[in-house]
Amino acid sequence: MARERRGDRPLELRTFQDDVVAGLSAPQRFLPPKYFYDGAGSRLFARICRLPEYYLTRAELALTRRHLAAIARFAGRGCQLIEYGSGEGIKSRLLIRAVRPAAYVPIDISQDALDASARRLAREFPRLKIRPVLGDFSRPLHLPVRRGTASVVYFPGSTIGNLTVEEAHGFLAMSRGIAARMLVGVDLTKDPAVLHAAYNDSRGVTAAFNLNVLARINRELGADFDLRQWRHYAFYNPAAGRIEMHLVALQAQRVRLGSHRWQFRAGETIHTENSYKYSLDGFAELAARAGFAAPRVWTDRRGLFALYGLSAWPAAARRT
Ligand code: AVJ
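Residues numbered from 1 in each chain as written. Predicted model: local features only at pLDDT ≥ 70, side-chain atom pairs only at ≥ 80, totals over all residues. Heavy atoms only, no water.

A look at the sheet that holds strand 3 (residues 133–134)
The strands that make up a sheet are held in pairs by hydrogen bonds between backbone atoms, and each pair lies either parallel or antiparallel. Counted only if it meets this: Paired strands, in this sense, are two strands between which DSSP finds at least two bridges. By definition, any uninterrupted DSSP run of H or I lasting at least four residues is a helix, any uninterrupted run of E lasting at least two residues is a strand, and each is numbered from the N terminus. The contact definition used throughout considers only heavy atoms, calling two residues in contact when any of these lie within 4.5 Å. Here, axes are lines fitted to C-alpha atoms. For helices the fit covers the stretch in contact, and angles between N-to-C directions go from 0 to 180 degrees.
The seven strands lie next to each other as 3-2-1-4-5-12-11, forming an open sheet whose pairing is mixed. The sheet is open, and its two edges are formed by strand 3 and strand 11 (292–299), each paired on a single side. Sheet topology note: the strand 2 (residues 103–108)/strand 3 ladder contains two bridges and is parallel. Across the sheet, Ile 107 pairs through a bridge with Val 133, a residue of strand 3. Of the strands in this sheet, strand 4 (151–155), strand 5 (181–187), strand 11 and strand 12 (305–312) are in contact with helix 4 (residues 68–75), which crosses strand 5 at around 140°. In the packing of helix 10 (residues 280–289) onto the sheet, contacts are made with strand 5, strand 11 and strand 12, and the angle to strand 12 comes to roughly 25°.

Spelled out as structure tokens, the structure:
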């Protein structure tokens, strides 16, 4: 069939396959976490957000409600609001209602998620200009924003935690070129037992979410992962300050994808995600290094999660 010839694959699948082949061929095998979010993965992630152990979503929603007026004042009425990874968008709706942006630019890697949220928002805010962009935050995008109107980048959900500290620095520095102000949601360092439970829920939804990436590789790329031979494994790495998610091979096995073959040893892992946790000062320091001064920070009552309001240093005062 024509579609099976490599050169004929749609562009998105070709890069998916390239990333999978590169990651599975590395000494510590890995898969980029953005590939969790196909239809099934996005539904599983929505279930994770409702789990009793997964405090992040509720804490961020609570702090957004609690400080909404101050957050909206920081963003500034009538700004252009650029949101990365818009997802289900409950917090976005709160923010849009409070900020009344001149335009809303949601950016997502899933066309379906983007269409669904744009449709929902158009119904709720008939006068809002919505300009969806398909893409991710790993490289600069051309954004449909107007010069002369202030832009604010909204990056909620601790998605920034998927980046290493150096990558997060690069992302913040890149965003400074797009918008003078940012709102960034950051998960905070806490009792490792609480972190551990959040990524090892008793219902196994996080395990299903992690394993789904292998199912997706089978479905979309025709690989032959035997899902019964892999187990979800997530732990807090205190030295690195991050949760690591892996998939562990329960037995020695071979996996095939097109002309590629991999041999896995028993106990070998595929590293599927990092989720960095920051101290309040740690993230403020990182933001300062990227050219954002004296951040505002809002937290939930329990101090689990933080939203940072970052303003770029005026160009003359910038140190880097
Ligand atoms: C969407 C990246 C913030 O790191 O907590 C949830 C994804 N992974 N459970 C996170 C996730 C496992 C989530 N982020």
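Things to note about the packing of helix 5 (residues 90–99) against helix 6 (residues 111–124)
Helix packing for two helices is described by the angle between their axes and how far apart those axes are. How we decide: We call a crossing left-handed when the near helix sits turned anticlockwise from the far one by less than a right angle, and right-handed when that turn is clockwise. Three classes are used: nonpolar for Ala, Val, Leu, Ile, Met, Phe, Trp, Tyr, Cys and Pro, charged for Asp, Glu, Lys and Arg, and polar for all others, with Gly counted as polar.
Between helix 5 and helix 6, the shortest axis-to-axis distance is 12 Å and the interhelical angle comes to 35°. Seen from above, helix 5 lies across helix 6 with right-handed handedness. Every residue of helix 6 that contacts helix 5 at Arg 93, Ile 96 and Arg 97 is listed here: Arg 120, Leu 121 and Glu 124. For the contact of helix 5 with helix 6, the per-class residue count stands at two nonpolar, no polar and four charged.

A look at the pairing of strand 11
Here six bridges tie strand 11 to strand 12, and the two strands are oriented antiparallel to one another. Note on strand 12: the bridge partner recorded for Phe 292 is Ala 312. Connecting strand 11 to the antiparallel partner strand 12 that follows it, the hairpin turn spans five residues, and Gly 303 within it adopts a positive phi of roughly 70°.

Some points on the packing of aromatic side chains
Stated precisely, the cut-off is as follows: For Phe, Tyr and Trp, where Trp contributes only its six-membered ring, two rings pair if their centres lie within 6.5 Å, and the inter-plane angle classes them as stacked under 30 degrees, edge-to-face over 60, or tilted in between. Throughout, exposure labels follow a simple rule: accessible area from a 1.4 Å probe, protein chains only, divided by the maximum for the residue type, with under 20% read as buried, over 50% as exposed, and the rest as partly exposed. We count a charge as sitting over a ring when the NZ of a lysine or the CZ of an arginine lies within 6 Å of the ring centre and within 35 degrees of the ring normal.
By the definition in use, this model includes 18 aromatic pairs. Between Phe 36 and Tyr 37, the aromatic rings sit 6.3 Å apart at their centres with planes inclined by 85°, giving edge-to-face as the arrangement. Note on Phe 36: relative accessible area 1%, which makes it buried. Tyr 37 gets classed as partly exposed once you look at its relative accessible area, which sits at 24%. Every member of this aromatic cluster is reached through a ring pair, and the members are Phe 36, Tyr 37, Phe 45, Tyr 54, Tyr 199 and Phe 209. Sitting over the ring of Phe 264, Arg 29 keeps its end group 4.3 Å from the ring centre. Arg 181 extends its terminal NZ or CZ atom over the ring of Phe 74, reaching a point 4.5 Å from the ring centre.

Points about the pairing of strand 9 (residues 260–264)
In the sheet, strand 8 (residues 253–257) pairs with strand 9 via five bridges, with the strands oriented antiparallel. Within strand 9, the residue paired with Arg 254 across the bridge is Gln 263. Between strand 8 and strand 9, which pair antiparallel one after the other, the connecting turn spans two residues, and Gly 258 there sits at a positive phi close to 55°.

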